[in-house]
Amino acid sequence: MVAGASIPFLVGFNQYYILLALQSVIVASIALAWNIIGGYAGQLDLASFAYIGLGGILATMLMMEYNITPWAGMFLGAGISAALAFVIGYPLFRFGIRGVWYALSTAALVVILHEVSIMVLGPFDYYIPLLEGWYYLRFRTWENLYYFSLIVLAFVISLNLYISRSKVGYYLKAIREDEVAAEAVGIDIRKYKLLALMTYASILGFVGYIYIVSQRTFSYNTFSGPQSVYIAIIGIVGGLGSVSGVFTAAIILKIVEEYLRGYLGGALPGLHLLLFGVLLITVGILRPEGLSSLTDTLVKKVKTRIWGGVRE
Amino acid sequence: MLPSLNLLLQSILDGIFLGFLYSIMALGLSLVFGVMGIINFAHGDFIMLGSYLVWILANSLRSDPSLMSVITVPLFFVIGAAIYTIIIRPVLGKEPLIQIAVTVGVGYVLQNLALMTFRAEPRAVQISYLNFYVDLGLVSVHAAKLVSAFLSFLIVLGVHYLLTKTWVGLAIRATAYDREVASLMGINVGKIFLLVFGLGIALTGLAASLWMTFGQADPYIGSSFGLLTWVIIALGGLGGVSGLLASSIIVGIIQSLTMTLVSPTVSLAIPYVVFIVVLWFRPQGLFGKG
């Protein structure tokens, strides 16, 4: 946190780097929220941007149309995203839909919202008017929003850590490992999956406004299928249920993306995604536990180097 | 305002033609999932890759896209066999999440290769022997769509024949039913898997050349086709080309009617809503047994 908070000072308040840090922190928050449903509960959710779009656009529109502060809008966004998660999740879990069919249903949800929002919002980009100040949580420079996003990230990380150590976390992991066995020992699998889904959705609904402000614009394209898949990829590459792994993967992938974009410019669009594809195949085949297992092995090796080979 | 009868009939007919083409797109995916249990999220991206290949070939050979299947089908069989050996074999029998991750990775690679090479603008083949309409009074038929629907139907029947009437088909069905017993009966399961995956990808090469007789190639069509073919499989249920054909045509008609009656922008939303609701009440598909 201290390291994160000192970034604006380290880069001398260079707006480009602060915006990059802001976007990295947002991606990390989204990926760690995904970790609750995808990592702990093992449900491959591909709908993250359905919730981000719904919550974020609601908060932004309320601000633009009715001058309602996003402080209220973000909570309303969280609420409506959680409601959507309930509407989609309750029947899915009630009818025992899981695995590939769960993934496909959530992928279809994003496409449905994408297409419906073309009809509702129209086929254009909305630019947020130049409203500034804490009332609008929007500023001439990026530092303040960055600090706020750090607080959100800290909250999401602590929530992850809390869940992983709580009863609910053990239930969710049991569901991930073997749903039938989890049900057999008396875990109400529907209830806990729905709880995980709604927690994840409400975080995303809340973060939506910050995401849109950091992008400066929103449109029907905010409901993005590829972006939702990308979040799941970060969660898988980082390692299911591993907070440090997912956090590291989110930050590294974001920096690599930005570096390649800056370095090669528009010459090779999509190169970073191509590399992520290769990374994903490699991780899937060689290290299904994700990158976190790699760092774990490294840490172990270093420890045995230092303390000798007796520990284990 | 009620749409005219002509318009409705035209829309339904176009939907049926589109549905036949979808059945070829979904057939390979259905084989790979049904026989090998592999969840391939890159299936649509192979159709996309094929579409670009057909675009290049048809333009440089100055010939009709559908004829390019002579090249794409064998080539895609080889590509499929190679992908199977390098990438799919290690994740056989792994949990869905891993398979999805790996195949999403393949899809990412293909999609972004296309984006880097061809940019995002859509490409269509200009030359076609079949780009004319036959007027049938109430409706008029686009020759390219009619021919690709007819060819799709023949190929589906051909694959059905292969699966039900030949020794290879028997071996494939035996492997799908119980791979351990099949291997005890002397079937080389590894070879069958290689064959099935190769065939699955070869079918995307075929679908691509039929698609390009009237469609366009862009890097993102793969994502739409990918999800759409999965939806068709979910609706059709596994095991049987009749279910697959029926659900493809239903999806084609729903999509076509949505475009005519509501708006082209929601042409996927309505089939997907149907998909989600069907999944709730009939997880085995509309035409699946059980």
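Everything numeric in this text was worked out from a predicted model, so none of it was measured.

1. Digging into the overall build of chain A
Of regular secondary structure, chain A possesses 13 helices and two strands. A globule of 312 residues ought to have a C-alpha radius of gyration of about 20 Å, and chain A, at 20 Å, matches this closely. Each principal axis of the C-alpha distribution contributes one length, and for chain A these read about 60 × 50 × 35 Å. Within the span of chain A, comprising 312 residues, buried residues form 48% of the whole.

2. Some thoughts on the overall build of chain B
The secondary structure content of chain B amounts to eleven helices and two strands. Along the chain direction, N to C, the helices and strands of chain B fall in the order α-α-α-α-β-β-α-α-α-α-α-α-α. Expressed along its principal axes, the backbone C-alpha trace of chain B runs to roughly 60 × 45 × 35 Å. A sequence separation of at least 24 residues applies to 78% of the contacts in chain B between residues at least 6 apart.

3. Some points on the interface of chain B and chain A
You'll often see interface size given as the accessible area lost when the parts meet. At the interface, 36 residues of chain B touch 37 residues of chain A. Of all the secondary structure elements, the ones that give two or more residues to the side of chain B that touches chain A are helix H4 (96-118), helix H9 (221-236) and helix H11 (269-281) of chain B. A total of 15 residues in the side of chain B that touches chain A trace back to one element, the largest contributor, which is H4 of chain B.

4. Focus: the environment of Val278 of chain B
Residues and elements named next belong to chain B. You can see Val278 is positioned in helix H11. In this structure Val278 comes out as partly exposed when scored by C-beta crowding, with 17 C-beta atoms within 10 Å. Sequence separation between Val278 and Ala234 is 44 residues, and the spatial gap between their C-alpha atoms is 8.4 Å. If we ignore the near neighbours within four places in the chain, the residues touching Val278 are Leu235 and Leu286.

5. A look at helix H8 (residues 189-211) of chain B
Taking 1.5 Å as the rise per residue, H8 of chain B with 23 residues should run 33 Å; its terminal C-alpha atoms sit 32 Å apart, in good agreement. Along H8 of chain B, 19 of the 23 residues are buried, which leaves the element largely enclosed by surrounding structure.

6. Considering the nonpolar core
Within the largest apolar cluster, 193 residues are counted, with the highest numbers of intra-cluster contacts made by Leu21 and Val196 of chain B. Ignoring sequence-local partners within four residues, the contact set of Val196 of chain B consists of Leu31, Val32, Val35, Met36 and Ile172 of chain B.

7. Here we look at helix H2 (residues 43-61) of chain B
Residues and elements named next belong to chain B. Along its 19 residues, H2 runs 27 Å from first to last C-alpha, staying within 8% of the 27 Å computed at 1.5 Å per residue. By the criterion of burial, H2 is predominantly enclosed, with 15 of the 19 residues buried. One or two residues past the end of H2 sits Arg62, with phi positive at roughly 50°.

8. Some words on unusual backbone geometry
All names here are of chain A. A positive phi angle, close to 50°, is found at Leu137, a residue other than glycine. Here Leu137 shows up in the loop between strand E1 (126-127) and helix H6 (143-165). We classify Leu137 as buried; it has 21 C-beta atoms within 10 Å. Here Arg216, not a glycine, exhibits a phi torsion of approximately 70°, which is positive. The topology assignment puts Arg216 in the loop between helix H9 (189-215) and strand E2 (217-218).

9. A look at the environment of Met61 of chain A
All names here are of chain A. Secondary-structure assignment places Met61 in helix H3 (residues 48-66). Take Met61: there are 15 C-beta atoms within 10 Å of it, and that puts it in the partly exposed class. It is 26 Å that separates the C-alpha atoms of Met61 and Asp45, two residues lying 16 residues apart in sequence.

Parameters and conventions
- Residues numbered from 1 in each chain as written.
- Chains lettered and ligands numbered in written order.
- Predicted model: local features only at pLDDT ≥ 70, side-chain atom pairs only at ≥ 80, totals over all residues.
- Helix = DSSP H or I, 4+ residues; strand = E, 2+ residues; numbered from the N terminus.
- Rg over C-alpha atoms; globule rule 2.2 N^0.38 Å.
- Buried ≥ 20, exposed ≤ 12 C-beta atoms within 10 Å, placed from the backbone.
- Contact = placed C-beta atoms within 7 Å.
- Expected span 1.5 Å × (residues − 1).
- Core = buried A, V, L, I, M, F, W, Y, C linked by C-beta atoms within 7 Å.

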